[in-house]
Amino acid sequence: MSSLISQSCLPVCSPFRYRALTFILTFLLYTSFHLSRKPISIVKSELHKNCSAVSEAAIIASSSSQQPSLLSLHTDVDCGWKPFDKSNYKQLLGAMDYSFLCAYAIGMYLSGIIGERLPIRLYLTVGMLASGVFTCLFGLGYIYNIHNLSFYIFVQVANGLVQTAGWPSVVTCIGNWFGKGRRGLIMGLWNSHTSVGNILGSLIAGYWVSSNWGMSFIVPGLIIIIMGVVCFLFLIERVSCFSKRTHSLLKECLLSNEMNPVVVVKSESEPSAISFMGALRIPGVVEFSLCLLFAKLVSYTFLFWLPLYITKAAHLDAKKAGDLSTLFDVGGIVGMCCLCVLVCPSGPSASLFRMLLVCGGLVNGPYALITTAVSADLGTHKSLKGNARALSTVTAIIDGTGSVGAALGPLLAGLLSAGGWDQVFYMLMTADFLALLVRPLTCII
């Protein structure tokens, strides 16, 4: 395999500033990915409003012969956005989540393989630009008064597929610049971009959700498009650092060849990208993938359904529910704890604020470590014998399997919530218990 080294790339590099640039830039890039995913959970309470109070008023009005106009007033009140204003709205909203997450899970397995064989900067840029377009397209459904369920399903599926370019790419970039020595600490801090993106997405979506929920998607979509341009201009996947002797030899070669100012340096011993089955044979990949499946099931159920749960259970408006749900993500920033003590609230109470912070830390902590530091370590496992071209594929396999759980969680929540929210929390506790059972298997490896 060959690489082109231009004269502008020849000076001996200073790794620290490139590491700092890569850390900050990839942090902001993936923040924008999660920022664009969050609005759907905030807008759900606007797609189907809480009309229980309207129904009660209509019943009272119907029993009073002296106020016939009040009955017509309340029966004409709009209780949601078609087609989500029907009684089966939970199933429809769950199907919309499932469409995005199922497409994301399937696409993730392919994304890692593609990412190993294409320039990461270009691959990531295209994914961000496409994701921004589809996010804006969902918001345009409000602007152009679109009530076709197929339209929203299509946008969710397309967005789920293109967003798979993000995670393997940014993890590979950060893994290229930071060795195993401090990888756990560095990636633990770096992975807070997930919660930061969710918080910013909640705040942005909540600002417009009651007045114009289309802007709750259009603004995040424009942000990720802008960040895609920034990625194309500034992202550096890897800088080859040469010794002074190698640098001087290459420079002399360049200067002596005025007609061709580019030197082609061939590396015959560079290993090829690992296959899918080869990545599965790396010790620990299957076990951590299964653990992440259950952990991500819980995390994404909260991500997509927590604002609606708060709205319906506590009778808050959509914006307040979105602001309250950010506590879960705030807890995720500082929470690097274990799954074994996770306890979730069964209903709204005065302790809900504290419980959301605790749940955020306990759920997102293991999820964050598995998708970052653990994936990077497995992608450079000693069994690969120095082949570093497995990082993107391993990351995609682990996160893709986790995304299967992320697809199942919101879908099950939509089905189970019809019988009461308690059933949803029993499902979440069961998933955490299963993750705890799978986790010890990885300690034997």
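Owing to the predicted nature of the structure, the values given are computational and were not obtained by experimental measurement.

Conventions adopted
Residues numbered from 1 in each chain as written. Predicted model: local features only at pLDDT ≥ 70, side-chain atom pairs only at ≥ 80, totals over all residues. Heavy atoms only, no water. Helix = DSSP H or I, 4+ residues; strand = E, 2+ residues; numbered from the N terminus. Buried < 20%, exposed > 50% of the residue type's maximum accessible area, 1.4 Å probe, protein only. Contact = heavy atoms within 4.5 Å. Areas by Shrake-Rupley, 256 points an atom, 1.4 Å probe, with all protein chains shown as cover. Patch = residues over 30% accessible without salt bridge, like charges linked within 9 Å, V, L, I, M, F, W, Y side chains within 5 Å. Salt bridge = Lys/Arg side-chain N within 4 Å of Asp/Glu carboxyl O. UniProt positions renumbered as here; feature names shortened; annotations may be inferred. Polar contact = N/O pair within 3.5 Å; in protein donor to acceptor, adjacent residues only side chain to side chain.

Undergrad: Is there a simple way to think about the overall build of the protein chain in this case?
TA: Of the regular secondary structure elements, the protein chain holds 18 helices and 2 strands. Residues classed as buried in the protein chain amount to 53% of the 445 residues present. For the protein chain, contacts bridging at least 24 residues in sequence account for 85% of all contacts bridging at least 6. Approximately 19,800 Å² of the protein chain is accessible, and the part contributed by carbon and sulfur atoms is 67%.

Undergrad: Just checking my understanding: could you explain a nonpolar patch on the surface for this structure?
TA: Together, L122, L129, V229, F232, L233 and F234 give the surface a local cluster of nonpolar side chains, amounting to about 530 Å² of exposed area. Of all the elements in the fold, those that place two or more residues in the nonpolar patch are α6 (120-143) and α11 (215-234). Here the nonpolar patch takes 4 residues from α11, the largest share from any one element. Within the secondary structure layout, L129 lies in helix α6.

Undergrad: What exactly am I supposed to notice about the environment of K49 here?
TA: Within the secondary structure, K49 sits in the loop between α2 (39-47) and α3 (52-62). Taking relative accessible area as the criterion, K49 reaches 33% and is therefore assigned partly exposed. Along the backbone, K49 and G80 are 31 residues apart, and their C-alpha atoms lie at a distance of 5.2 Å.

Undergrad: How do you make sense of the UniProt feature "transmembrane region" (unreviewed entry) in the protein chain when you look at a structure like this?
TA: Listed under "transmembrane region" (unreviewed entry) in the UniProt record, and renumbered for this structure, are residues 16-35, 92-114, 120-144, 189-209, 215-236, 285-306, 326-344 and 356-376. Helix makes up 100% of residues 16-35 and strand 0%, and the two end C-alpha atoms of the span are 28 Å apart. Across residues 120-144, the secondary structure splits into 96% helix and 0% strand, with the terminal C-alpha atoms separated by 36 Å.

Undergrad: I keep staring at the pattern of salt bridges and nothing clicks. Help me out?
TA: Side chains that differ in sign of charge can pair as their charged atoms come close. This model, assessed by the stated rule, comprises 2 salt bridges. For D97, the salt bridge identified is with K44, shortest N-O distance 2.3 Å. Separated by 53 residues along the polypeptide, D97 in helix α5 (residues 89-115) and K44 in helix α2 bring together distant segments of the chain. Overall, K44 belongs to the buried group, its relative accessible area being 0%.

Undergrad: Any chance you could explain the side chain of S99 here in plain terms?
TA: Turning to its location among the elements, S99 is positioned in helix α5. When its relative accessible area of 13% is taken as the criterion, S99 is described as buried. Among the polar contacts listed, one links the side chain of S99 to the backbone oxygen of A95, at a separation of 2.8 Å. If near-sequence neighbours (up to four positions away) are discounted, S99 is found in contact with I153, Q156 and V157.

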